[in-house]
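A structural walkthrough
Below are the chains, spelled out letter by letter.
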Amino acid sequence: MSTETPGIDPLLALRAPRDPACDVFLTGTVFLDIIFTGLDSAPVRGTESWARGMGSSPGGVANMATALARLGLHTSLAAAFGDDHYGTYCWDALEQGEGIDLSMSHTVPGWHSPVTVSMAYEGERTMVSHGHEAPPPTGPPGPGVPGATAPAAPTTAAGPAGRHPVFPHCPPRARAAVASLAPGRSEPWVAAAARNGALIFADVGWDETGRWELDALPDLAHCEAFLPNAEEAMRYTRTDCPRAAAHALAERVPLAVVTLGAEGAYAVDGRTGAAAEVPAIEVEALDPTGAGDVFVAGFVTGTLADWPLADRLAFAGLTAALSVQEFGGSLSAPGWAEIAAWWQLVRTCDRQNPAALERYAFLDDLLPATARAWPLRRAVPTIGFRQ
């Protein structure tokens with residue numbers, strides 16, 4: 001369940017009657033994530049390992065959708081769900097638990113839900129996934145309940161089983177959309193969303209072809225912001241410095257954001273040439289699953305709220321840092337309650353760097369005067385089957 005602090009809407013001052021009902025649209029594959037925690041080391045072949053804890057939650061694109069929703073953005077997700085127990089659980093967790101709009105989603109009779117088993121140990125993770133590509137949906141949009149069919153006129157994408165589901169040609173009108181780019185692949189919904197006024201935020205995966213050519217990412221032309229990591233950015237721009245890579249990318253997109261791992265993030269506004277860099281927050285990382293999705297969600301939130309570039313980077317880095325202190329992907333996405341509790345804590349700790357605290361002073365205008373005690377612990381959902 002979401003622990004979002006009631007009453008916090010980061011876009012409240014900007015909302016107008018004719019604005020789209022959807023803040024952010026996204027589409028992709030929802031996995032059931034089963035997370036084993038408390039492992040002392042990596043599993044060894046031929047032996048049995050016991051985990052001290054486990055949990056389950058919607059994963060895959062659900063990590064991003066949950067992160068956006070917990071930050072108060074009205075989020076719409078188009079995805080395929082199996083009609084098995086796993087699919088029903090994921091649907092209910094996202095729609096009822098997180099308040100995500102699933103009216104563009106559909107249930108596929110007889111299709112079993114993709115599953116990922118994640119094992120977290122020593123600050124790293126090992127994952128095993130299984131799934132099959134969802135068949136094309138038919139019929140009109142469903143009423144937003146399991147068993148409904150999906151929008152007509154779909155397209156299908158090739159790729160590993162379950163990785164690239166059916167995408168709608170006509171996404172709902174939205175302020176923004178989040179896409180994942182892949183070499184040689186163009187998704188019609190991205191161009192449609194951009195034509196309808198949505199700002200497109202995109203990340204990218206590893207280029208298995210080894211070519212690393214920006215021209216092979218045709219949907220980049222529709223993007224407002226491109227958010228690769230340092231290695232990806234340098235390979236795509238043929239540079240040996242992530243900051244130089246960001247400046248090169250800013251010649252192709254209005255906003256280039258390069259994540260620097262433990263060093264933080266660096267961004268360049270291609271329209272003005274302004275750059276910003278924010279160091280990472282030092283935390284004890286338990287599980288990095290979904291941290292990249294949380295970072296993007298934080299940056300989308302700050303951009304839609306029209307914050308200064310440095311504030312967007314700081315907020316995105318903060319939300320990602322909070323997420324790695326918990327296990328799981330969507331399980332660990334922070335809401336405003338966690339953000340408020342962190343801000344209250346760090347201001348009362350001794351020996352804090354005043355300059356570092358000033359970097360996050362913009363939170364004072366967003367957060368309530370009182371917050372719940374730190375640390376907050378999310379309930380770990382599990383699947384219960386009725387007899």
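Residues numbered from 1 in each chain as written. Predicted model: local features only at pLDDT ≥ 70, side-chain atom pairs only at ≥ 80, totals over all residues. Heavy atoms only, no water.

With that out of the way, let us pick up the packing of helix α7 (residues 309-323) against helix α8 (residues 336-346). One can describe the packing of α7 onto α8 by two numbers: an axis separation of 11 Å at closest approach and a directional angle of 100 degrees. By the angle between their axes, α7 is roughly perpendicular relative to α8. Contact residues: Phe-315, Leu-318, Thr-319 and Leu-322 in α7; Trp-336, Glu-338, Ile-339 and Trp-342 in α8. Across the contact of α7 with α8, the residue classes break down as six nonpolar, one polar and one charged. (Axes fitted to C-alpha atoms, helices over the stretch in contact; angles between N-to-C directions. Helix = DSSP H or I, 4+ residues; strand = E, 2+ residues; numbered from the N terminus. Parallel < 35°, antiparallel > 145°, perpendicular 65-115°, else oblique. Contact = heavy atoms within 4.5 Å. Nonpolar A, V, L, I, M, F, W, Y, C, P; charged D, E, K, R; others polar.)

Attention now moves to unusual backbone geometry. If you check the backbone angles, Trp-212 has positive phi at about 55 degrees while not being a glycine. With a phi angle near 60 degrees, Arg-238 is a residue other than glycine that sits in the positive phi range. When you line up the elements, Arg-238 lands in the loop between α4 (230-237) and α5 (242-249). We classify Arg-238 as exposed; its relative accessible area is 55%. (Buried < 20%, exposed > 50% of the residue type's maximum accessible area, 1.4 Å probe, protein only.)

Time to look at helix α1 (residues 61-70). The element α1 is extensively covered by neighbouring structure, given that 10 of its 10 residues are classed as buried. Within the span of α1, buried status applies to Val-61, Ala-62, Asn-63, Met-64, Ala-65, Thr-66, Ala-67, Leu-68, Ala-69 and Arg-70. Among the residues trailing α1, Gly-72 stands out with phi positive, at a value near 90 degrees.

Below, the discussion takes up the confidence of the model for the chain. Low-pLDDT portions of the prediction should not be read for the details of their coordinates. Mean pLDDT over the chain works out to 85, with 82% of the residues at or above the 70 mark. Confidence drops under a pLDDT of 50 for residues 1-5, and excluding neighbours within four residues, the segment shows 19 contacts in the predicted structure. pLDDT under 50 marks residues 141-166. Its contacts with residues more than four places away, or in other chains, come to 74 contacts. (pLDDT = per-residue confidence, 0-100.)

Looking now at the sheet that holds strand β8 (residues 124-130). Taken together, the four strands give an open sheet; going across it, the order is β3-β2-β7-β8, and neighbouring strands pair in mixed fashion. Whereas interior strands pair on both sides, the edge strands pair on one side only; in this sheet they are β3 (53-60) and β8. Strand-to-strand twist across the sheet, computed as the mean angle between neighbouring axes with direction ignored, equals 20 degrees. Note that strand β2 (residues 30-37) and strand β7 (residues 115-121) share five bridges and pair parallel. Bridging across to β7, Asp-33 finds its partner in Thr-116. (Pairing = 2+ DSSP bridges.)

This part covers the pairing of strand β4 (residues 75-78). Residues of β4 alternate between two faces, with Thr-75 and Leu-77 on one and Ser-76 and Ala-78 on the opposite face, all of them buried. Bridging between strand β1 (residues 22-27) and β4 involves four bridges; their strand directions are parallel. The residue bridging Thr-27 from the neighbouring strand is Ala-78, located in β4.

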